[in-house]
There are 2 protein chains.
Amino acid sequence: MIYYAVRAAKESVSSTMTSKKPFSAVQNKNRAAILAAALETFSAHGFRGTRLEQIANNAGMSKPNVIYYFPNKEAIFVTLLNSHIDKWLAPLREIDPDGEPLEQVIEYVVKKVRMSADMPRESRLFANEIVQGAPRLKESMNSDLKGLFDRTVNILEKWMKEGKLAEVPADHLIYSIWATTQHYADFEAQIEVLSGTPEKIVASAEAYLINMYTKLLKP
Amino acid sequence: MIYYAVRAAKESVSSTMTSKKPFSAVQNKNRAAILAAALETFSAHGFRGTRLEQIANNAGMSKPNVIYYFPNKEAIFVTLLNSHIDKWLAPLREIDPDGEPLEQVIEYVVKKVRMSADMPRESRLFANEIVQGAPRLKESMNSDLKGLFDRTVNILEKWMKEGKLAEVPADHLIYSIWATTQHYADFEAQIEVLSGTPEKIVASAEAYLINMYTKLLKP
DNA sequence: GTCTATAACAAGATAGAC
DNA sequence: GTCTATCTTGTTATAGAC
């Protein structure tokens, strides 16, 4: 089950690579359509709330045809998670230990809040899963995320010790950045009720957050 | 359907009240057991992810017996949401327009982060629902929450105009308080992977957040 | 590769005895 | 009020023709 998912995740990226069993052009096209449809429904309803039929309809094909490309529903979900995780963690990876500290943190905040605006479905996909205990995400959190998190904590603590950032607990700083930036995507339904058009709100969030984290971290 | 839910939510609070059809002591006890079990499972798995059987098992009774007390699964869920919403919004309601501004905001932050520590399941119950578009919560958000939110925005803006708080967009301020405080409960699974025991982390969150919002808002 | 039909099963809800 | 047995529906997954 996991096997198929991983294979799909890796190979769907480059169909031309000369591995054992590359997917055909049609296969890649249909896989992509399924994953696009899956992002739509899984992010809106979570794993159990999503019906295979919705995915099939959104992808413009029949239910059995979907299952022709993926062995089961869980494989679609896991493939989807894996296919987005690198992109999702990229901004964290791009923090430069040799850059100007405050600038690096603010840059990270800006990237994250823009992701919330540009990729709200990806954000909710992960949010849905984590709120429910991350049963299908614990593995990649332990491998991909944990290392990145620790690396970032170290960089931040070094900067603080050097007096280049105000001293705050680095782990809490990262959590609050995640919380404040992703909130606009994850709780969009609530924001829409309270503030109207979410797009406008996310647009003005950037300035607010830059100000907040600058005040917090300026040495 | 909604009728039963509302009736249950209101009457289960005070069994002795002299309304048309008060519930018996046994009824109240069983209703309470069902709602307690429901909080456990709905907060962990969301509405569709929760099985009636899990609720029954957790409540120590049979599935049909659960349905004897509530007409269906949705009624349990709606009753549960309603039975917690007042408690959940209490800290916001308690912001005193005549109090010392910064103190009032910090007090609010502290109450919220403690709720995250003491009532993580309630937090996730709402988070789960909102991430999925709040289909069964839109109504009470429009009635209960919207008014409270607007009231709070007005209080904050007045304080800012009077120079008693630094000027920031009040709506974003509220969103960031919600985001940073609830994050510890809602994303507990992730925090556990990255920082170990969530209890310790939430405990140290209070000081971090007090510092952050003080720096942000001190005039 | 794609489809219709259907098997297999899980889950919500009901009937009716106690 | 509570339970066992069961109905009914919804949903995943498969079989097999094209």
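As the structure is a prediction and not an experimental result, all values here were calculated from the model.

The next subject is the packing of helix α5 (residues 73-93) of chain B against helix α6 (residues 101-118) of chain B. Residues and elements named next belong to chain B. Remark: α5 packs on α6, axes separated minimally by 9 Å, with the N-to-C direction vectors making an angle of 160°. With respect to each other, α5 and α6 are oriented roughly antiparallel. Judged by residue contacts, Lys87, Trp88, Pro91 and Leu92 of α5 engage Tyr108, Lys111, Lys112 and Met115 from α6. Looking at side-chain class alone, the contact of α5 with α6 contains 5 nonpolar, no polar and 3 charged residues.

A few words on the protein's contact with DNA strand D. Around DNA strand D, 17 residues are found, and the nearest of them are A:Arg51, A:Lys63, B:Gln27, B:Arg48 and B:Tyr69. In the environment of DNA strand D, a phosphate oxygen lies 3.0 Å from a nitrogen or oxygen atom belonging to the backbone of A:Leu52. The side chain of B:Asn65 places a nitrogen or oxygen atom 3.3 Å from a sugar or linking oxygen of DNA strand D. Of all the secondary structure elements, the ones that give two or more residues to the surface near DNA strand D are α4 (63-69) of chain A together with α2 (25-49) and α4 (63-69) of chain B. Here the surface near DNA strand D takes 4 residues from α4(B), the largest share from any one element. A per-class count over the surface near DNA strand D returns 6 nonpolar, 7 polar and 4 charged.

Another point: the interface of chain A and chain B. Counting residues at the interface gives 52 residues for chain A and 52 residues for chain B. Of the roughly 4,700 Å² buried between chain A and chain B on both sides combined, carbon and sulfur atoms contribute 65%. Of all residues in chain A, A:Val131, A:Leu194 and A:Tyr208 give up the largest surface area on contact with chain B, accounting jointly for 16% of the area buried on that side. The tally of links from chain A across to chain B stands at 0 salt bridges. The interface formed by chain A and chain B holds 18 residue pairs in polar contact (both at pLDDT 80 or more) in total. Residue assignment for the side of chain A that touches chain B shows that the elements contributing at least two residues are α2 (25-49), α7 (120-131), α8 (138-161), α9 (170-186), α10 (188-195) and α11 (198-217) of chain A. With 12 residues, α9(A) is the single largest residue contributor to the side of chain A that touches chain B. For the side of chain A that touches chain B, the per-class residue count stands at 27 nonpolar, 17 polar and 8 charged.

Let us look at the relation of the copies chain A and chain B. Under the fitted operation, chain A is carried onto chain B by 0.0 Å of movement along the axis and a turn of 180°, and the coordinates agree to an RMSD of 0.0 Å. The two molecules are tied by a two-fold rotation axis, judged by turn and shift. Nearest to the rotation axis, the C-alpha of A:Ala179 is located 2.6 Å from it, this being the minimum over chain A. Of all interface residues in chain A, 100% are interface residues in chain B too; the two copies therefore contact each other through one and the same surface.

Taken together, 17 residues lie near DNA strand C, and A:Gln27, A:Arg48, A:Tyr69, B:Arg51 and B:Leu52 sit nearest. Across the atoms of DNA strand C situated within 4 Å of the protein, the share located in sugar and phosphate is 71%. A:Asn30 is positioned with one of its side-chain polar atoms (N or O) 3.2 Å from a phosphate oxygen of DNA strand C. Between a phosphate oxygen of DNA strand C and a side-chain N or O atom of B:Arg51, the distance comes to 2.9 Å.

What follows concerns unusual backbone geometry. With a phi angle near 55°, A:Ala134 is a residue other than glycine that sits in the positive phi range. Relative to the elements of secondary structure, A:Ala134 occurs in the loop between α7 and α8.

Moving on, we get to the confidence of the model for chain A. When pLDDT is low, close inspection of the predicted coordinates is not appropriate. Taken residue by residue, chain A gives an average pLDDT of 92. The fraction at 70 or more is 90%. The low-confidence segment residues 1-19 of chain A (pLDDT under 50) makes 26 contacts with residues lying over four places distant or belonging to another chain.

On to α7(A), then. Residues and elements named next belong to chain A. Look at α7: 16 Å from first C-alpha to last across 12 residues, which is about the 16 Å you get at 1.5 Å a residue. In terms of burial, α7 is a largely internal element, 11 of the 12 residues being buried. Residues of α7 that are buried: Pro120, Glu122, Ser123, Arg124, Leu125, Phe126, Ala127, Asn128, Glu129, Ile130 and Val131. Backbone geometry just downstream of α7 places Gly133 in the positive-phi region, at approximately 95°.

The subject of this paragraph is the packing of aromatic side chains. All chains considered together, the criterion is met by 18 aromatic pairs over all chains. Here A:Phe149 and A:Tyr175 contribute two aromatic rings whose centre-to-centre distance is 5.5 Å and whose plane-to-plane angle is 20°, an arrangement assigned as stacked. With A:Phe149 in helix α8 and A:Tyr175 in helix α9, the pair connects residues that are 26 residues apart, well separated along the chain. Judged by relative accessible area, A:Phe149 falls into the buried class, the value being 3%. Given a relative accessible area of 1%, A:Tyr175 falls into the buried group. Linked through ring pairs, A:Phe149, A:Tyr175, A:Trp178 and B:Tyr184 together constitute an aromatic cluster. Directly above the ring of A:Phe47 sits A:Lys73, whose terminal nitrogen or CZ lies 4.8 Å from the centroid.

Calculation notes
Residues numbered from 1 in each chain as written. Chains lettered and ligands numbered in written order. Predicted model: local features only at pLDDT ≥ 70, side-chain atom pairs only at ≥ 80, totals over all residues. Heavy atoms only, no water. Axes fitted to C-alpha atoms, helices over the stretch in contact; angles between N-to-C directions. Helix = DSSP H or I, 4+ residues; strand = E, 2+ residues; numbered from the N terminus. Parallel < 35°, antiparallel > 145°, perpendicular 65-115°, else oblique. Contact = heavy atoms within 4.5 Å. Nonpolar A, V, L, I, M, F, W, Y, C, P; charged D, E, K, R; others polar. Near = heavy atom within 4 Å. Polar contact = N/O pair within 3.5 Å; in protein donor to acceptor, adjacent residues only side chain to side chain. Buried area = accessible area lost by both parts, 1.4 Å probe. Salt bridge = Lys/Arg side-chain N within 4 Å of Asp/Glu carboxyl O. Least-squares fit on C-alpha atoms with pLDDT ≥ 70 in both. pLDDT = per-residue confidence, 0-100. Expected span 1.5 Å × (residues − 1). Buried < 20%, exposed > 50% of the residue type's maximum accessible area, 1.4 Å probe, protein only. Phe/Tyr/Trp six-rings, centres within 6.5 Å; stacked < 30°, edge-to-face > 60°. Lys NZ or Arg CZ within 6 Å of the ring centre and 35° of its normal.

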